[in-house]
Structure formats: C-alpha cells, structure tokens
Amino acid sequence: MRQKLAAGNWKMNGTADALSELNELTQGYPEAAVDILICSPATLIDRASEAAAGSAVAIGGQDCHAKVNGAHTGDISAEMLRDAGASYVIIGHSERRDDHGETSEMIAAKATAAYDAGLIAVVCCGEHLNTREDGKTLDHIGTQIAESLPDTANADTTVIAYEPVWAIGTGLTPTLEQIAEVHDFIRAELVNRFGEETGNGIRLLYGGSVKPANAAEIFATSNVDGALVGGASLKAADFSAIIDALVAA
Ligand code: PEP
C-alpha cells in the first residue's frame, strides 16, 4: 500500500505573512491519514518548520544544489535545507528545467544529493504541449524518468510528480485517460528498472491545475497517489479541500 501524499509548491510566493495560512493548515491537521507537505520558499523553511512542528504537515524545499557546499553563490545545498527543517525537496520542476536550463543529468545529481542529506526527493517530469501534440509524450516521459532518477532511487527516498507543462498554472488539465496513460506507463517503467517491490512502491503524484473541484476525480485515477499543487496550495482552505479529497479517495 503506497501512502498518499498531498504536496504544495508555494513557488516564489510568500513572506512572513504567509505563515498564517500555514498555521491554519497545521491546526486543521494535527494528524492525518495521508502525508501532507508544503514546499515553501527557502527563506521561510525554518519558520515554517517551527510552525508545523507537532502537526501532520512536513516542510520541503523547491530545489537544491548537487554539491554539499562550496563556491556556488545564491545556491542552497540539500544539507542546508535539512538543517533548516526540510524533510523533502522538489527536484527538476519544469520551471527549473525551463528557467535555469536544468538537464535530467543535473537533476539526477541533485536527487543523489537529496538522498545523501536524508531528504525525500520529489522528482518532476512532464511534456510541453508541442510534444503531446506530436504524439511523443510517453517517449519524452520515459527518457526524463530514465535520466533523472539515480540507480539508488527507492520508495523511501523518491516520489515522482508527473506535471504536463501546459497544465501548470493554466487551468487546463489532461483528461483522466491521459493522466492514467502516463501514470501507468511510469509505473511500468519503474517496475522494469527497479523491480516489483521498489517499482510498485514509489509514489506517483499528478500536478497541473489541481483544484478542490477536480481533485476527487484525479485521485480516483489509476496509479495517482496524490498531487503536487501550486496555486491552490497557497490558501489553507483550498489545500485542505484537496487533502480531504485525497483522504476520501
Ligand atoms: C506546480 O507548481 O507544480 C503546479 C502544478 O502548479 P499549479 O497547481 O498552479 O498548476
């Protein structure tokens, strides 16, 4: 049985004021039947971790450097995230791949750094619209997964988020059949590479315009173990409705 996960990605949103939303969320979930994660901006991780202490909400980062330390101005290591209170880190979000030219090879190195620091890596993959229109989605996802996951990935250290780039922040979502097709494909690829136990144990999240209104049907879809949620994770009420839909799924 895979433990379900509702993960929020605040992206570059939130100063100290945003902690009131986190406080509302943590008060609502002193414990929960699913895992709950908020990936806050790095500047808030230590305060968010304090606010979430004693609740079911874990705190994560949104990126890390592949090295432990050194001359990398502006970057943050996985060890620093862990030290600030994070237990997860998002790796290879499409906004990192597109805005910062991150390759799948770089993402695999970051995932290894996350494992070394004791963080769970949420490794993202997803196609641009032209790739889907060209009928190459599964080829693209297969390559991203193969290259972005280290050989050491396992079910305790790794979560995969499938996020079609054209669905992120747009209000567009794939059909449930399209989501199932990709998630079933990723599952088969994982079993093929890592074997039955690990391949069936790694959690698969869907991400891209998940809202309270569409969460239940997405969570009822094959091989969807939860969601990575951007915009709708910023408000405790919206994210709570998504968490509740995951609990009920
Ligand atoms: C994301 O940030 O990963 C995301 C899926 O954003 P949104 O839910 O806003 O589409």
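For the structure itself, consult the block above.
Owing to the predicted nature of the structure, the values given are computational and were not obtained by experimental measurement. (Residues numbered from 1 in each chain as written. Predicted model: local features only at pLDDT ≥ 70, side-chain atom pairs only at ≥ 80, totals over all residues. Heavy atoms only, no water.)

> Can you walk me through helix α1 (residues 19-28) in this structure?
For an α-helix the count is 3.6 residues per turn, leaving residues at separations of three or four pointing the same way. Within α1, the full set of buried residues consists of Leu 19, Glu 21, Leu 22, Leu 25 and Thr 26. Axial view of α1: buried residues confined to an arc of 150 degrees, hence all on one face. Next to the buried residues of α1 lie β2 (35-39), α2 (45-52), β3 (57-61) and α11 (236-248). (Buried < 20%, exposed > 50% of the residue type's maximum accessible area, 1.4 Å probe, protein only. Helix = DSSP H or I, 4+ residues; strand = E, 2+ residues; numbered from the N terminus. Arc of directions from axis to C-beta. Contact = heavy atoms within 4.5 Å.)

> What should I look at first to understand the pairing of strand β4 (residues 88-91) in this one?
Each regular strand carries side chains that alternate between the two faces of the sheet. Covered by surrounding structure in β4 are Tyr 88 and Ile 90 together with Val 89 and Ile 91, the residues of both alternating faces. Pairing of β3 with β4, which is carried by two bridges, proceeds in the parallel orientation. Looking at the pairing, Gly 61 lines up with Val 89 of β4. Handedness of the β3-helix α3 (residues 78-84)-β4 crossover: right-handed. Of the strand pairs in this sheet, β4 and strand β5 (residues 120-125) are connected by four bridges, and their pairing is parallel. Within the sheet, the bridge partner assigned to Tyr 88 lies in β5 and is Ile 120. (Pairing = 2+ DSSP bridges. Right-handed = clockwise from strand over helix to strand, strands pointing away.)

> Looking at this model, I keep getting lost on the sheet that holds strand β6 (residues 158-162). Mind explaining?
Across a sheet, strands are paired by hydrogen bonds formed along the backbone, either parallel or antiparallel in direction. Taken in spatial order, the eight strands of this closed barrel run β1-β2-β3-β4-β5-β6-β7-β8, and their pairing is parallel. Along the sheet, successive strands turn relative to each other by an average axial angle of 25 degrees, direction set aside. The sheet contact formed by strand β1 (residues 5-9) and strand β8 (residues 226-229) spans four bridges and is parallel. Paired with Ala 7 across the strands is Leu 228, a residue of β8. Strand contacts of helix α7 (residues 137-148): β5 and β6, with the helix running at about 150 degrees to β5, the strand carrying the most contacts. (Axes fitted to C-alpha atoms, helices over the stretch in contact; angles between N-to-C directions.)

> Help me understand empty space enclosed by the protein, please; the structure alone is not making it clear to me.
Any space left empty among the atoms is revealed by the rolling of a water-sized probe across them. The full count for this structure, using the stated rule, is one cavity of 30 Å³ or more. In this structure, the largest cavity encloses a volume near 40 Å³. Every residue along the wall of the largest cavity is listed here: Trp 10, Glu 21, Leu 22, Leu 25, Ile 38, Ser 233, Leu 234, Lys 235 and Ala 236. Ranked by the residues each element gives to the lining of the largest cavity, the list is headed by α1, at three residues. Among the residues making up the lining of the largest cavity, the classes are represented as six nonpolar, one polar and two charged. (1 Å grid on protein atoms, 1.4 Å probe; cavity = no way out; pocket = protein on both sides within 12 Å on 5 of 7 lines; lining within 4 Å. Points joined across faces, edges and corners; volume = space filled by probe spheres on them. Nonpolar A, V, L, I, M, F, W, Y, C, P; charged D, E, K, R; others polar.)

> Sorry, what's going on with the state of the cysteines here?
Following the criterion strictly, the structure yields zero disulfides and no others. Cysteine Cys 64 is unpaired, with the sulfur of Cys 39 as its nearest cysteine sulfur at 11 Å. Since its relative accessible area comes to 1%, Cys 64 is described here as buried. Left without a disulfide partner, Cys 124 is nearest to the cysteine sulfur of Cys 125, which lies 7.6 Å away. Using a relative accessible area of 2% as the deciding quantity, one classes Cys 124 as buried. (Disulfide = S-S within 2.5 Å.)

> Would you take a moment to explain the site of the ligand for this structure?
The ligand sits among 14 residues. The nearest are Lys 11, Glu 163, Gly 169, Ser 209 and Gly 230. At a separation of 2.8 Å, an oxygen atom of the ligand approaches a polar side-chain atom of His 93. For the ligand, an oxygen atom lies 2.8 Å from a polar atom in the backbone of Gly 230. Surface burial for the ligand is 98%, taken as the share of its 290 Å² of free accessible area covered by protein chains. Residue composition of the shell around the ligand, by class: four nonpolar, eight polar and two charged. (Near = heavy atom within 4 Å. Polar contact = N/O pair within 3.5 Å; in protein donor to acceptor, adjacent residues only side chain to side chain. Areas by Shrake-Rupley, 256 points an atom, 1.4 Å probe, with all protein chains shown as cover.)

> Help me out: how do you make sense of the pattern of salt bridges in this one?
Side chains that carry opposite charge are capable of pairing whenever their charged atoms lie near each other. Going through the model one piece at a time under the given rule, you end up with eleven salt bridges. A salt bridge links Lys 235 to Glu 21, with the shortest nitrogen-to-oxygen separation between them at 3.7 Å. One end of the pair, Lys 235, is in the loop between β8 and α11; the other, Glu 21, is in helix α1, with 214 residues separating them in the sequence. Exposure remark for Lys 235: the relative accessible area of 47% places this residue in the partly exposed category. Residue classification places Glu 21 among the buried positions, given a relative accessible area of 18%. For Arg 96, the salt bridge identified is with Glu 102, shortest N-O distance 3.0 Å. Glu 102 sits in the buried class, given a relative accessible area of 6%. When salt bridges with common partners are traced through the structure, they connect Asp 63, Arg 96, Glu 102 and Lys 110 into a single cluster. (Salt bridge = Lys/Arg side-chain N within 4 Å of Asp/Glu carboxyl O.)

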